[in-house]
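# Structural description and commentary
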Amino acid sequence: MSARGAIAPNFGDYVPVAIGVVAVVMFFLAVEALVQTGVVNRFIVPPPSEVLGSFPRVIEEEDVIGRFLLTASECLTAGVMLTVFGVAGGVLMHRYKLLQDAIETWVAALASAPVVLMYPLFLVIFGRSAWTIIMMGFIAALPPVILKTIEGLAGTRKVLVNVGRSFNLTGSQQFWMILFPAALPTIFVGLRLGLIFALINIVGVEFLINFGGLGQLINELAERYDLAGTYAAICFVILVSIVFFMALEKIERWLRPVH
Amino acid sequence: MQSRGVVPVTPVLTLRIAIVVALLALWEFLARSGWLYRDVVPSLLNIGHALIDLLGGSNYYLHLSVTVGEILGALSVGGGAGLLVGIILGANPFMAKAFESFLYYLGPTPKIIFFPIMIMWFGVGPQSKIALGTLSCFFPVALSVAAGMRGIDRTLIRVGKSFRANSWQMVSKIYVPAMRHPIINGVRLGLGVALIGTLLAETKLSNKGIGFLIINAYSTFDMPRMYANLIVLFVLAIGANALVGRLGGLNTIKRL
C-alpha cells in the first residue's frame, strides 16, 4: 500500500453513511409528497417543509434559547448532585464492604424500577417547581453512578495498590493518589449514563408537569394545536439530546486511558 | 449444621433488617412529628390500610389488566420490530454502517415527548399508550440484538452453512439460540422502558390503567393511596424484570 493510500481517508467507509443520510432525506421527501397530495392528512402529519419553516418562528417567539438554558441548568444542577452524592455513595459502599454487600442489590433494583413514576410524589413534596424536576432527574440517575463508582474502585489493578502500600501511603493518600485516579474513567462512564438518564427524566417531567424548559415547550405547542411547531420543538429536543450524548462520548474517550 | 429452609443470620442480613427497620421508624417518626405537611408523609398504618383496600378491591385489577395489556402489546410490537431490525443490522455490516448510528443516538432521547404525536396519530385511547411503549421498547431491543448478532461465534455460522441451512433455518437454529443472552437482555431493557413509557402516558392523558390511578390519587391528594399504588407498581416492575431474566435462563447461561 502506498503512503498516500495510508494517509488518505477511506472513502469506502463514507458510502454507507451517505446512503443512510440519503435514505432519511428520501423518507422525508416521500412524506412531503404524501401530505401535499392529500394521501396523508396534513392536520395529523404536517409537511416536513412546514416543520422546517417553523423552526425560526419557534426559536424566536417561544424563547427556545432561554428554555434550553433553563433545561441545561436543571441538568447541570442534577449533574453536580449526582457527582457529589453518587460518587460519595459509591466510595462509601466500596470502603465498607458489609454495607456494599447489604445494599448493592437494592441500588441495582432501583436502577430497573420505574422511578420517574414517582413524580406526583415529588410534586407534593417540592411543589410545581424546578426542584421537582431536578430531584426527579437526580434520583432516577443515581444508581448507575453509584454502581460504576464501586466497579471502578474495585477494578483498580492490584499492582497499583501494592505500589501504594510499598510507599507506606496512608488510607487517604492511597485513595486520592491510587484508587480514585485509576477508577476515574469508569466513574465517568457512570456519570455519562447518569447524565443521560437525568436529561431524559428532566425533559420528560418538564413535559408531564408543564413546567420549565424544552419539555414544557412541546406540551404548550401541542395544547395550542400548533402542529408544525410541536414537530419542530420535538426535533429541536432530539437534536439537543444527540449533541449532548456526542459531547459526553467525546469527553469519555478523552478520559479513557490508552492501553 | 443448619436445618433446611432456615435462613442463616449473617451480618449482611442483620444490617439489611436494621436499615429497613431504621427507615420505617424514621418514616413513622416524621409522620407523627408534624414537621412535614400533614399527609405528605402518612403513617405506615394508613399506607397499610390503603394497600389492603387497593389489593382487596376488584377495581384495581381492572386497571392493572388494562396496563398489562398495553405493556404486552407494546412489548410484542416494539420487541418484534426491534428483533427484526436488530437481525438485519447485525447480519449486514453495510446496513449497520448506514442506519445503526441513527438508532444509537435516537435510542436515549426522551420518548414521552412523542406523546402529542401519538395522540394525533392513534387517539386518546390505549392505542396511543401502546404506540409510545412500542417506540420506547424498539430501540434497546434492536441495538441489543444487533450487537448480539455480531458477537455470534463464526464457527456456529459456518456449521449452519455447511449443513446448507436456508435463511429461516439459520435464524431459528443458529442466530436466535446463539443470541439468547443479548435478546433476553434487550427484552428486559425493553420491558422496563415500555412500562415507563406506557405508564407515563397514562398519567398524562387517560381514564384507565395504573398510571391513571397514581395521578388520580395525586389529584385528589389521597397520599396513602398514591403510596400504595407506587409500592405495588415497584414490586410488580422489579418482579417482572427478574421473571424475564429467570424465564430466559440468564442465570443458567454458561460462557466458555
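Residues numbered from 1 in each chain as written. Chains lettered and ligands numbered in written order. Predicted model: local features only at pLDDT ≥ 70, side-chain atom pairs only at ≥ 80, totals over all residues.

Let us look at the overall build of chain B. Helices and strands together make up the secondary structure of chain B, namely eleven helices and zero strands. For chain B, the succession of helices and strands along the chain, N to C, is α-α-α-α-α-α-α-α-α-α-α. For chain B, whose C-alpha radius of gyration is 23 Å, the value lies well above the compact-globule estimate of 18 Å for 256 residues. Taking the principal axes of the C-alpha coordinates as reference, chain B spans close to 75 × 65 × 30 Å. For chain B, the residues scored as buried account for 40% of the 256 residues in total. Of the contacts made within chain B by residues no fewer than 6 positions apart, 74% connect residues no fewer than 24 positions apart. (Helix = DSSP H or I, 4+ residues; strand = E, 2+ residues; numbered from the N terminus. Rg over C-alpha atoms; globule rule 2.2 N^0.38 Å. Buried ≥ 20, exposed ≤ 12 C-beta atoms within 10 Å, placed from the backbone. Contact = placed C-beta atoms within 7 Å.)

Looking only at helices and strands, chain A features eleven helices and zero strands. Relative to the 2.2 N^0.38 estimate, which gives 18 Å for 259 residues, the radius of gyration of chain A is 24 Å and therefore markedly larger than a compact globule would have. For chain A, the spread of C-alpha atoms along the three principal axes comes to 75 × 70 × 30 Å. Residues classed as buried in chain A amount to 37% of the 259 residues present.

Turning to the nonpolar core, a few remarks are in order. Residue and element names in this part refer to chain A. Formed by 117 residues in total, the largest nonpolar core has its most connected members in Ala-141 and Ala-198. Considering each element in turn, this core owes the most residues, 16 residues, to helix α9 (residues 171-209). Dropping the residues within four chain positions of it, Ala-141 is found in contact with Ala-78, Leu-82, Gly-194, Leu-195, Phe-197, Ala-198 and Asn-201. (Core = buried A, V, L, I, M, F, W, Y, C linked by C-beta atoms within 7 Å.)

Turning next to helix α6 (residues 126-150) of chain B. All names here are of chain B. For α6, built from 25 residues, the straight-helix expectation of 36 Å at 1.5 Å per residue is met to within 8% by its first-to-last C-alpha distance of 36 Å. The largest bend in α6 is about 25°, located at Phe-138, with the proline Pro-140 one to four residues further on. Of all the 25 residues making up α6, 22 are buried; the element is thus mostly covered by neighbouring parts of the structure. (Expected span 1.5 Å × (residues − 1). Bend = angle between axes of the 7 residues up to and from the residue.)

Residues and elements named next belong to chain B. Contact geometry for helix α3 (residues 58-91) and helix α10 (residues 210-219): axes closest at 7 Å, N-to-C directions at 125°. The orientation of α3 with respect to α10, classified from their angle, is oblique. Touching His-63, Leu-64 and Thr-67 of α3 are Ile-210, Gly-211, Phe-212 and Leu-213, all from α10. Considering only residue class, the contact of α3 with α10 consists of four nonpolar, three polar and no charged. (Axes fitted to C-alpha atoms, helices over the stretch in contact; angles between N-to-C directions. Parallel < 35°, antiparallel > 145°, perpendicular 65-115°, else oblique. Nonpolar A, V, L, I, M, F, W, Y, C, P; charged D, E, K, R; others polar.)

Take the interface of chain A and chain B next. Taken together, the contact between chain A and chain B spans 37 residues of the former and 40 residues of the latter. Ranked by residues supplied to the side of chain A that touches chain B, first place goes to helix α11 (residues 227-255) of chain A with seven residues. A breakdown of the residues in the side of chain A that touches chain B according to their chemical character gives 30 nonpolar, six polar and one charged.

Let's shift gears to the domain arrangement of chain A. As assigned here, chain A comprises domain 1 (11-45) and domain 2 (58-255). Averaged C-alpha coordinates put domain 1 of chain A and domain 2 of chain A at centres separated by 34 Å. (Domains from an automatic or database assignment.)

Residues and elements named next belong to chain A. If you trace the backbone, Val-115 turns up in the loop between α5 (97-112) and α6 (119-126). Sequence spacing of Val-115 and Gly-215 is 100 residues, and the spatial spacing of their C-alpha atoms is 18 Å. If we skip the residues at most four places from it in the chain, Val-115 touches Leu-110, Ile-139 and Ala-140.

Model confidence for chain A is summarised by a mean pLDDT of 87, while 94% of its residues fall at 70 or above. In this model, residues 1-6 of chain A is a region of pLDDT below 50 whose contacts with residues beyond four sequence positions or in other chains number one contact. (pLDDT = per-residue confidence, 0-100.)

Before going further, it helps to examine the packing of helix α3 (residues 48-61) of chain A against α11 of chain A. All names here are of chain A. Between α3 and α11, whose axes approach to 8 Å, the crossing angle comes to 80°. When the interaxial angle is binned, α3 and α11 end up roughly perpendicular. Together, Glu-50, Val-51, Ser-54, Phe-55 and Val-58 of α3 and Ala-228, Gly-229, Tyr-231, Ala-232, Ala-233 and Cys-235 of α11 make up the contact between the two elements.

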